[in-house]
Amino acid sequence: MKEAYLQIPELRGFEKFCQGRRAEDMPQITSRICGVCPVAHHTASVKALDDAFGVDPPPTAKKLRELAYCGYMIYDHILHFYFLGGVDFLVSPDAPPSKRNIFGLIEKAGLNIGKEIIKHRAYGQKIVEIIGGKATHPVHGIPGGVSKPLTEEERKEIEKMLRSCLDFARFSVDLFDKFVLKNERYVDMIKSDPYSLKTYNMGLVDDKNRLNFYDGKIRVVDQEGKEVLKFDVRDYQKHIAEHVEEWSYVKFPYLKKMGWKGLKDGKDSGIYRVGPLGRLNASDELATPIANEEFKRMFKELGKPVNSTLAYHWARLIEIIYAAERGLELVNDSEITSKDIRNPVGKPGEGFGVVEAARGVLIHHYKVSERGLIERANFIVATTSNAGAITMSVRKAAKAMIRNGKIKEGLLNMIEMAFRAYDPCLACASHSLPGGMPLEVDLYDADGKLVKVVKRD
Amino acid sequence: MKHVVVGVGNPLLGDDAVGLEIVRKLKGKIDAEIKETMACGFGLLEEILGYDKAVIVDALVTNDKKEVGKVKKFIIKELNSNSLKTPHALSFLDAISIARKSGINEIPKKIVIVGILVNEIDFKEKISEEVKKAIPRAVKVVEGEVNGF
């Protein structure tokens, strides 16, 4: 097998659609790019507007935005681990497809787990709803701050939910430990070559090089874990460029410093990874104690940086702990119920906003006219950044499963596992509309003749 | 009997907004809680928990242009769906299955989906003429579901 390609045949002109719009509508418009990361887009958008209007929001506003963000991370990661990616592990990858999902997990782990998962996912959503004003698509972000303060009653409610989420997060990590890390077969699979990539890793870090979802500098580390870049989002165009391939509508971002060398990993190729694994690799430690202990444990077990794609699932669980702990810090902050939540805006211009979406670094870049309208908008979306890596992961998994023209049983699942680990959002990545996820593997022989097609709708 | 009517759609995506338009026309006209949402999967499920009957109004995409503007009704029966259709958005049907299996009791005994067939979903702020024509018909269907039982 020579090559494999991840083809994303959908396109939409979201960036064009935004032209001529009122700048302050962008946090509402962009939160609808995708049904799953609206909080991320909303927050990146409002930060870009802060920048475009030359205003620094008061501390309380930033803390409220970050607190809502913790709620989002919690529900998003819980959803992915328990319903989508994580079940690959919790129920054996050899189990029949009919059991390799949440139903199989409920069977295995007990009926109660279903309720706990749903409950805590709902808590995360409720936290966003309380601060954001609406479930799913928040409306609290405005240039210069947020639109409403937190009451003491709301504060108490959020705190209660976060404590429960922290317990559930720790339970989830224990579950992973019990079912996956204590199982030699899985650990071998995690460490195996078909599931390994030696790319650069990128994440948002604070001034102590600790992951922060809401703000910081963009940091890139190399294959030895050494820092090679650290920059402010305003300089992203100096460091990140996008490459276009004719067979897909997804743009492939890469590091300009190393250049585009094709779909390869290693030191000479500019391809990097974002998302839970990418950003934990790019951090020196985590800012909250329990998450940091688990952070150290993962790197002790797998080395630093971790190259194993399947470790994304572990990293994701560690992040739920961090989000819950960080949320508890914020909700207990003395300023969190202050009414000082907005600073006045200045004249419009160019603005950049960056956050860590559940899936990775997200950048919004706007040029706002004198009249306050969007002249141009550009988005670097998390899954776009991972597109190169995902393609390579799919390729490696496929190569391992296809020998002498024979496709091994379970090929599709092995490829899917590589792909699912990234929690990809193809809607965001190609700025396309969400739909189904059909998966098709076309096998061509050396003469380019189609030999076999393996499909899944 | 407590009813809820939920309009599902994205106001920026042209014909996908039709579900929202329909439920807006029902405000004050029927004995039901009326909601609008852009959520799918669990988010949508959460909107209907605690009611005896739920009517969900949404656009359904068809490739057959001749079908555009038709109004179709489905009743959700006991499901055994094990397929997850998108990378990270759980389908509504799967969310119901999971909730049922997890022993969540507040799921409505009857869930009806009123679907309006559309062909194209793209970035537009207007609903197309063909689909607009279906709105009064769909309103009647929802009214029937709420008043008739």
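The next subject is the environment of Ile363(A). Residue and element names in this part refer to chain A. Checked against the element boundaries, isoleucine 363 lands in strand β10 (residues 360-368). In this structure, the C-alpha to C-alpha distance between isoleucine 363 and isoleucine 380, residues 17 residues apart in sequence, is 5.0 Å. Ignoring anything within four residues of it in the chain, the contact list for isoleucine 363 reads Ile218, Val233, Tyr236, Gly353, Val354, Asn378, Phe379 and Ile380.

Summed over the entire model, instances satisfying the criterion amount to 48 salt bridges over all chains. Residues Lys72(B) and Glu67(B) are paired through a salt bridge, measuring 3.7 Å at the closest nitrogen-oxygen approach.

All names here are of chain A. Read across the sheet, 3 strands follow the order β9-β10-β11 without closing on themselves; strand pairing throughout is antiparallel. Looking along the sheet, the strands with just one partner apiece sit at the ends: β9 (350-357) and β11 (374-380). Strand-to-strand, the axes of this sheet are offset by a mean angle of 15 degrees, without reference to chain direction. Looking at chain direction, β10 and β11 are connected through 6 bridges and run antiparallel. Each bridged residue has a counterpart across the sheet, and for histidine 364 the counterpart in β11 is phenylalanine 379. Taken strand by strand, helix α3 (residues 38-52) contacts β9 and β10, and its axis lies near 150 degrees from that of β9.

Moving on, we get to the nonpolar core. In globular proteins that are soluble, nonpolar side chains generally tend to be buried together. Counting 148 residues, the largest nonpolar core has Tyr72(A), Tyr82(A) and Met298(A) as its most contacted members. At 16 residues, the largest contribution of residues to this core is made by helix α4 (residues 59-84) of chain A. Among residues more than four places away in sequence, those in contact with Tyr72(A) are Val36(A), Cys37(A), Val39(A), Ala40(A), Gly124(A), Val128(A), Ala357(A), Ala358(A) and Arg359(A). Counting residues in each nonpolar core, the second largest holds 24 residues, with Val23(B), Ile30(B), Val68(B) and Ile135(B) among its members.

Let us look at the packing of aromatic side chains. Residue and element names in this part refer to chain A. Enumeration according to the criterion identifies 15 aromatic pairs over all chains in this entry. Considering the side-chain rings of tyrosine 69 and phenylalanine 213, the 6.5 Å spacing of their centres and the 40 degrees angle between planes classify their relative orientation as tilted. With a gap of 144 residues between them, tyrosine 69 in helix α4 and phenylalanine 213 in the loop between β3 (200-205) and β4 (217-221) connect regions that are remote in the sequence. Pair check on accessibility: tyrosine 69 and phenylalanine 213 agree, each one buried. Pairing tyrosine 366 with phenylalanine 379 gives two aromatic rings, centres 6.4 Å apart and planes at 75 degrees, and the pair type is edge-to-face. Taken together, the residues tyrosine 366 in strand β10 and phenylalanine 379 in strand β11 connect sequence positions 13 residues apart. Across the pair, phenylalanine 379 and tyrosine 366 agree in class, each one buried. One aromatic cluster is present, built from ring pairs that chain together Phe81, Tyr82, Phe168, Phe171, Phe176 and Trp314. The aromatic ring of phenylalanine 299 is capped on one face by lysine 304, whose charged end is 4.9 Å from the ring centroid.

Our focus in this paragraph is the environment of Asp31(B). Residue and element names in this part refer to chain B. Tracing the chain through its elements places aspartate 31 in the loop between α1 (18-26) and β2 (33-37). Sequence separation of aspartate 31 and valine 5 is 26 residues, and the distance between their C-alpha atoms is 9.8 Å. Apart from the residues within four sequence positions on either side, aspartate 31 is in contact with His3 and Val146.

Another aspect to go through is the side chain of Arg155(A). Residues and elements named next belong to chain A. One can find arginine 155 in helix α8 (residues 152-181). Residue classification places arginine 155 among the buried residues on the basis of a relative accessible area of 14%. Of the polar contacts made by the side chain of arginine 155, one reaches the backbone oxygen of valine 331; its length is 2.8 Å. A distance of 3.5 Å separates the side chain of arginine 155 from the side chain of asparagine 332, its partner in a polar contact. Residues in contact with arginine 155, not counting those within four places in the same chain, are Leu150, Val331, Asn332, Ile336 and Thr337.

The subject of this paragraph is the pairing of strand β5 (residues 110-118) of chain B. Where a strand is regular, its side chains alternate between the two sheet faces. All names here are of chain B. Taken across its 9 residues, β5 has 8 buried, putting it largely inside the fold. Here strand β3 (residues 53-61) runs beside β5; their pairing, made up of 9 bridges, is parallel. Bridged to lysine 53 within β5 is lysine 110. Both strand β4 (residues 71-75) and β5 contribute to a ladder of 5 bridges, which runs antiparallel. Of the residues in β5, the one forming a bridge with isoleucine 75 is valine 112.

The rules we used
Residues numbered from 1 in each chain as written. Chains lettered and ligands numbered in written order. Predicted model: local features only at pLDDT ≥ 70, side-chain atom pairs only at ≥ 80, totals over all residues. Heavy atoms only, no water. Helix = DSSP H or I, 4+ residues; strand = E, 2+ residues; numbered from the N terminus. Contact = heavy atoms within 4.5 Å. Salt bridge = Lys/Arg side-chain N within 4 Å of Asp/Glu carboxyl O. Pairing = 2+ DSSP bridges. Axes fitted to C-alpha atoms, helices over the stretch in contact; angles between N-to-C directions. Core = buried A, V, L, I, M, F, W, Y, C linked by side-chain atoms within 4.5 Å. Buried < 20%, exposed > 50% of the residue type's maximum accessible area, 1.4 Å probe, protein only. Phe/Tyr/Trp six-rings, centres within 6.5 Å; stacked < 30°, edge-to-face > 60°. Lys NZ or Arg CZ within 6 Å of the ring centre and 35° of its normal. Polar contact = N/O pair within 3.5 Å; in protein donor to acceptor, adjacent residues only side chain to side chain.

So far we have only geometry, and geometry alone does not tell us how the molecule works.
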